[in-house]
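Remarks on the overall topology
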Protein chains: 2
Amino acid sequence: MTKAPVVDPRRTLTLRDVSEASGVSEMTVSRVLRNRGDVSDSTREKVLHAARSLGYVPNKIAGALASQRVNLVAVIIPSMSNMVFPEVMMGISDTLEDTGLQPVVGITNYSPEREESVLYEMLSWRPSGVIIAGLEHSPAAHAMLESAGIPIVEIMDIDGTPVDSAVGISHRRAGRQMAEAIIAAGYRRIGFLGTKMPDDHRARKRLDGFREGLARAGLTLADEEYYRGGSALLKGREMTEAILKRTPDLDFLYYSNDMIGAGGLLYCLAQGIDVPGTLGLAGFNGVELLDGLPRKLATMDACRREIGIHAAEIIAGKRPTGVIGGEVIELFPKLQPGDTIRKV
Amino acid sequence: MTKAPVVDPRRTLTLRDVSEASGVSEMTVSRVLRNRGDVSDSTREKVLHAARSLGYVPNKIAGALASQRVNLVAVIIPSMSNMVFPEVMMGISDTLEDTGLQPVVGITNYSPEREESVLYEMLSWRPSGVIIAGLEHSPAAHAMLESAGIPIVEIMDIDGTPVDSAVGISHRRAGRQMAEAIIAAGYRRIGFLGTKMPDDHRARKRLDGFREGLARAGLTLADEEYYRGGSALLKGREMTEAILKRTPDLDFLYYSNDMIGAGGLLYCLAQGIDVPGTLGLAGFNGVELLDGLPRKLATMDACRREIGIHAAEIIAGKRPTGVIGGEVIELFPKLQPGDTIRKV
DNA sequence: CTGAAAGCGCTAACAC
DNA sequence: GTGTTAGCGCTTTCAG
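Sequence order sets the numbering: in each chain, residues are counted from 1 along the sequence as written. Here every chain gets a letter starting at A, and every ligand a number starting at 1, in the order they are written. Residue-level local features of this predicted model are given only where pLDDT is at least 70; pairs of side-chain atoms are given and counted only at 80 or more, and the full residue set underlies all totals for whole chains, interfaces and linings. Side-chain descriptors were evaluated using all non-hydrogen atoms of the structure, hydrogens and water having been removed beforehand.

A word on unusual backbone geometry
Look at the link from Val275 of chain A to Pro276 of chain A: it is a cis peptide, with omega at 5 degrees. Runs of H or I in DSSP of at least four residues are treated as helices and runs of E of at least two as strands, each being numbered from the N terminus. Of note, Pro276 of chain A is situated in the loop between helix H11 (258-271) and strand E9 (280-282). Even without a glycine there, the phi angle at Met156 of chain B is positive, about 85 degrees. Mapped onto the fold, Met156 of chain B is located in strand E4 (residues 152-157). Even without glycine at this site, Asn285 of chain B takes up a positive phi of about 135 degrees. Think of it in three bands: with a 1.4 Å probe and only protein chains considered, a residue is buried below 20% of the maximum accessible area for its type, exposed above 50%, and partly exposed in between. You can call Asn285 of chain B buried: its relative accessible area is 9%.

Brief notes about the domain arrangement of chain A
For chain A, the domain assignment lists domain 1 (15-54), domain 2 (63-170 + 304-330) and domain 3 (171-303). Domain start and stop positions are those given by an automatic or database domain assignment. Placing a centre on the C-alpha atoms of domain 1 of chain A and another on those of domain 3 of chain A gives a separation of 62 Å.

Considerations on the relation of the copies chain A and chain B
The superposition of copies rests on a least-squares fit of C-alpha positions from residues with pLDDT of 70 or more in both. When chain A is brought onto chain B, the operation consists of a screw motion whose angular component is 180 degrees and whose axial shift is 0.0 Å, with 0.1 Å RMSD remaining. Both copies of the chain, as the preceding transformation shows, are related through a two-fold rotation axis. Among all residues of chain A, the minimum C-alpha distance to the rotation axis is found for Ile61 of chain A, at 2.8 Å. With an isologous cut-off of 70% or more, the 100% of interface residues of chain A that recur at the interface of chain B puts this contact in the isologous class. Whether two residues touch is decided by their heavy atoms; if any such pair falls within 4.5 Å, the residues are in contact.

Looking at the packing of helix H2 (residues 26-34) of chain B against helix H3 (residues 41-54) of chain B
Residue and element names in this part refer to chain B. Note on geometry: axes are lines fitted to C-alpha atoms, helical ones only across the stretch in contact, with angles between N-to-C directions running from 0 to 180 degrees. Running from amino to carboxyl end, H2 crosses H3 at an angle of 85 degrees, the nearest separation of the two axes being 10 Å. Compared by their axis directions, H2 and H3 come out roughly perpendicular. Contacts between H2 and H3 involve Thr28, Val29, Val32 and Leu33 from the former and Thr43, Arg44, Val47, Leu48 and Ala51 from the latter. The residue classification treats Ala, Val, Leu, Ile, Met, Phe, Trp, Tyr, Cys and Pro as nonpolar and Asp, Glu, Lys and Arg as charged. All others, Gly included, are polar. Residues belonging to the contact of H2 with H3 are distributed by class as follows: six nonpolar, two polar and one charged. Throughout, the term roughly parallel applies to angles under 35 degrees, roughly antiparallel to angles over 145, roughly perpendicular to angles from 65 to 115, and oblique to all others.

So, the protein's contact with DNA strand C
Throughout, the term near means that a residue has one or more heavy atoms lying within 4 Å of the molecule or strand in question. Near DNA strand C you find 25 residues, and of these Leu15, Ser30 and Tyr56 of chain A together with Arg31 and Thr43 of chain B are the closest. Protein-adjacent atoms of DNA strand C, using a 4 Å cutoff, are sugar or phosphate at a proportion of 66%. N or O atoms closer than or at 3.5 Å make up a polar contact, with two conditions inside protein: a donor-capable atom paired with an acceptor-capable one, and, for residues adjacent in sequence, both atoms drawn from side chains. One of the side-chain nitrogen or oxygen atoms of Arg34 of chain A is found 3.3 Å away from a phosphate oxygen of DNA strand C. Within the residue set of the surface near DNA strand C, elements represented by two or more residues are helix H2 (26-34) and helix H4 (60-67) of chain A together with H2 and helix H4 (60-67) of chain B. When its residues are assigned to classes, the surface near DNA strand C shows ten nonpolar, ten polar and five charged.

Some words on the interface of chain A and chain B
Residue-level contacts link 43 residues of chain A with 43 residues of chain B. Two parts lose some accessible area (1.4 Å probe) when they are put together, and adding that loss for both gives the buried area. Approximately 4400 Å² of surface area, both sides summed, lies buried where chain A meets chain B, with 65% of it carried by carbon and sulfur atoms. A per-residue breakdown of the area chain A buries against chain B is headed by Ile61, Trp125 and Arg126 of chain A, which together make up 16% of the total. Whenever a carboxyl oxygen of Asp or Glu lies within 4 Å of a side-chain nitrogen of Lys or Arg, that contact is scored as a salt bridge. Taken together, chain A and chain B are joined by four salt bridges. At the boundary of chain A and chain B, one finds 14 residue pairs in polar contact (both at pLDDT 80 or more). Of all elements in the fold, only H4, strand E2 (102-107), helix H6 (112-123), helix H10 (232-246) and H11 of chain A reach the threshold of two or more residues within the side of chain A that touches chain B. Per-element accounting of the side of chain A that touches chain B gives the leading share, five residues, to H4 of chain A. Residues belonging to the side of chain A that touches chain B are distributed by class as follows: 24 nonpolar, ten polar and nine charged.

Focus on the protein's contact with DNA strand D
Around DNA strand D, a shell composed of 25 residues is seen, among which Arg31 of chain A together with Leu15, Met27, Ser30 and Tyr56 of chain B lie nearest. Looking at DNA strand D alone, sugar and phosphate atoms form 65% of those within 4 Å of the protein. Between a phosphate oxygen of DNA strand D and a side-chain N or O atom of Tyr56 of chain B, the distance comes to 2.5 Å. Arg69 of chain B places a polar side-chain atom, nitrogen or oxygen, 2.7 Å from a phosphate oxygen of DNA strand D. Those elements that provide at least two residues to the surface near DNA strand D are H2 and H4 of chain A together with H2 and H4 of chain B. Counted by class, the surface near DNA strand D contains ten nonpolar, ten polar and five charged residues.

Overview of the UniProt feature "domain: HTH lacI-type" (unreviewed entry) in chain A
UniProt positions are given in the numbering used here, feature names are shortened, and annotations may be inferred rather than shown by experiment. The feature "domain: HTH lacI-type" (unreviewed entry), as given by UniProt, occupies residues 13-67 of chain A in the numbering adopted here. The straight-line gap between the two end C-alpha atoms of residues 13-67 of chain A is 20 Å; of that span, 71% is helix and 0% is strand.

Some remarks on H6 of chain A
A helix's residues, less one, multiplied by 1.5 Å, set its expected span. When the terminal C-alpha atoms of H6 of chain A are compared, their 16 Å separation across twelve residues agrees well with the 16 Å that a helix rising 1.5 Å per residue should span. Buried within H6 of chain A we find Glu115, Val118, Leu119, Glu121, Met122 and Leu123 of chain A. Next to the buried residues of H6 of chain A lie strand E1 (72-77), E2, strand E3 (129-133) and helix H7 (139-147) of chain A together with H4 and strand E2 (102-107) of chain B.

Looking at the pairing of E3 of chain A
All names here are of chain A. Extensive coverage of E3 is indicated by the burial of five of its five residues. Burial along E3 is two-sided: the residues Gly129, Ile131 and Ala133 and Val130 and Ile132 are all buried. Examined bridge by bridge, E3 and strand E4 (residues 152-157) share four bridges and lie parallel to one another. Bridging from a neighbouring strand, Ile132 pairs with Glu154 of E4. Paired strands, in this sense, are two strands between which DSSP finds at least two bridges.

Concerning the packing of aromatic side chains
Note on ring pairs: Phe, Tyr and Trp rings are taken, using the six-membered ring of Trp, and paired if centres are within 6.5 Å. Classes follow the plane angle, with under 30 degrees stacked, over 60 edge-to-face and the rest tilted. Counted according to the given criterion, the structure contains nine aromatic pairs over all chains. On the numbers, 4.1 Å between centres and 25 degrees between planes, the contact of Phe210 of chain B with Tyr254 of chain B is stacked. Taken as a pair, Phe210 of chain B in helix H9 (residues 201-216) and Tyr254 of chain B in strand E8 (residues 252-255) lie far apart in primary sequence, 44 residues in all. Tyr254 of chain B carries the same exposure label as Phe210 of chain B, and that label is buried. In this structure an aromatic cluster arises from ring pairing among Phe192, Phe210, Tyr226 and Tyr254 of chain A. Consider the ring centre and the ring normal. A charge sits over the ring if Lys NZ or Arg CZ is within 6 Å of that centre and within 35 degrees of that normal. Positioned above the aromatic ring of Phe284 of chain A is the side chain of Arg206 of chain A, whose terminal nitrogen or guanidinium carbon lies 4.0 Å from the ring centre.

Dropping the structure here:
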């Protein structure tokens with residue numbers, strides 16, 4: 001017959017349990033477990049042995065309350081499903097890895113209301129910093145960010161005024177550059193295919209910039225096609241078919257993201273359309289997926305990983321700037337012409 | 001000249017600040033903010049007004065410590081990059097949405113050591129439950145799960161013994177079923193293409209089951225090809241080329257996931273190979289991406305969303321079972337023959 | 001309906 | 001090196 005454990009197995013263990021089991025004061029146990037201060041090797045051994053054999057897991061809630069320190073970084077992004085944010089996340093977690101900080105992710109689904117509530121929820125855990133996508137927030141969200149008293153990094157976009165720091169690219173300029181490249185390659189009848197998402201400000205800014213680039217050459221969009229939801233690759237096929245049926249004389253299709261662009265490319269190839277001769281194509285993002293396509297779609301790299309890295313560095317205080325806030329890091333996406341824009 | 005704010009703007013607000021600003025006791029403020037107990041409308045108004053105008057955000061750390069209640073659910077998964085887990089996540093968050101519970105995600109990169117440390121880290125925040133991918137864990141992780149004293153749901157796989165509850169499919173059987181379907185369609189020279197990941201136990205079990213299915217018909221794998229890292233779509237192309245060069249008489253390729261399968265399909269189509277006549281193809285997962293391909297890859301739906309939903313229901317206590325633990329929910333993936341297996 | 005007192009489990013700050 | 005004391009900001013419990 002085995003003896004019943006000394007502590008109720010349902011109750012989670014506390015420092016006191018470890019303290020009693022090891023005959024060392026709670027304070028010293030705490031020191032050992034956090035590798036703080038000087039503790040003799042013999043005491044350390046006793047404590048570690050007791051903690052391990054009991055299966056003690058420290059209570060960070062209590063620790064955080066007492067120390068006013070939380071090793072969490074709130075990361076608030078619109079979506080996880082489109083390949084772009086997972087890469088930002090990689091950059092963030094790799095950078096945070098050896099700082100003791102931990103990213104905690106919240107998803108907004110491009111909804112300002114969700115963003116507001118996710119932000120509120122995360123701030124209530126008093127994180128060490130916030131990394132949040134975009135510069136556009138509801139007034140309440142903006143107020144929360146301003147008064148949070150912790151480093152805030154708004155990522156992806158720098159066309160606007162950040163609350164604190166910002167890391168990203170100019171989507172407006174990216175759109176303009178793509179327009180210029182397309183025009184330089186001799187295309188004139190240009191169509192746009194994108195998402196119908198009023199709250200995707202970055203896609204909107206790219207389109208604005210694109211239109212601006214066209215306008216400078218005296219051009220306007222010859223046709224437009226929008227979608228929402230569903231498999232992006234499939235939507236790309238369908239939209240491409242639709243826009244080409246409606247406006248057969250288009251000589252270029254600019255897609256708001258690579259996934260629908262890839263769908264369009266597959267459609268065009270299947271139709272035997274001469275790409276990039278008769279019809280040029282371009283997307284946006286530089287997603288890895290494109291590498292596996294039969295032909296390389298023209299695109300612009302959105303510097304996703306770099307954005308994550310820089311944002312995390314700001315939060316971790318790794319960047320040289322002594323002062324809190326105010327840092328804006330602009331990254332410059334490279335145009336990757338691929339095989340779907342005519343060489344000039 | 002504006003008057004300085006009463007409280008130090010750097011310090012975060014506390015209940016006391018709201019209490020003083022509204023002339024209501026901390027306790028009643030707390031009641032109002034949590035919608036607990038009866039509070040008169042007039043008091044409620046005063047409190048809400050004060051809280052809002054100050055921009056008070058409650059401190060959940062203190063709240064959790066005092067109430068011994070945390071509205072967090074730890075979700076521990078191997079990866080976010082392959083489309084399968086994001087869908088599980090959707091199922092989880094949709095289900096948790098109206099329960100007041102919040103998922104917090106940890107990524108292990110298929111590393112048992114990472115899993116152990118992520119689990120430790122998450123348990124130290126005393127979540128209300130744990131949803132964790134797979135049934136295989138290090139001894140230490142297993143011990144932590146067993147003694148956590150909260151509901152644990154192991155997801156994706158049911159070929160094994162769960163610590164507490166489990167929701168998933170039998171990957172072994174899924175592999176066997178695919179083998180049977182392939183054999184029934186008349187294919188005999190079968191190759192396998194997959195990832196070289198010793199810690200992807202589900203992929204291994206599928207392959208085991210697949211081999212078993214072949215063995216029952218007196219067959220063995222005619223060739224195998226493995227990869228790790230990189231763009232799955234591209235790897236699919238490359239591996240397919242490699243295996244067909246090496247063993248040209250293969251009449252079927254079984255891929256361990258849809259993404260490399262899609263790459264293989266694109267390769268075969270580009271080569272003008274007769275699919276499914278000369279060569280049949282199949283993947284695994286049922287990813288949405290496949291809808292956009294020129295031809296539909298045969299696959300099996302892994303019930304990702306359903307798994308997330310059921311797991312979350314168990315944690316939220318929404319399932320009928322009164323007793324804690326012990327529930328195992330098996331889901332049954334449907335074989336989707338698509339256009340890449342000969343009709344019999 | 002409202003308030004006062006007593007902790008939740010840990011750590012900062014200080015003694016020894 | 002190690003122990004003691006006093007909270008962290010909230011909620012539980014119990015009085016009014």
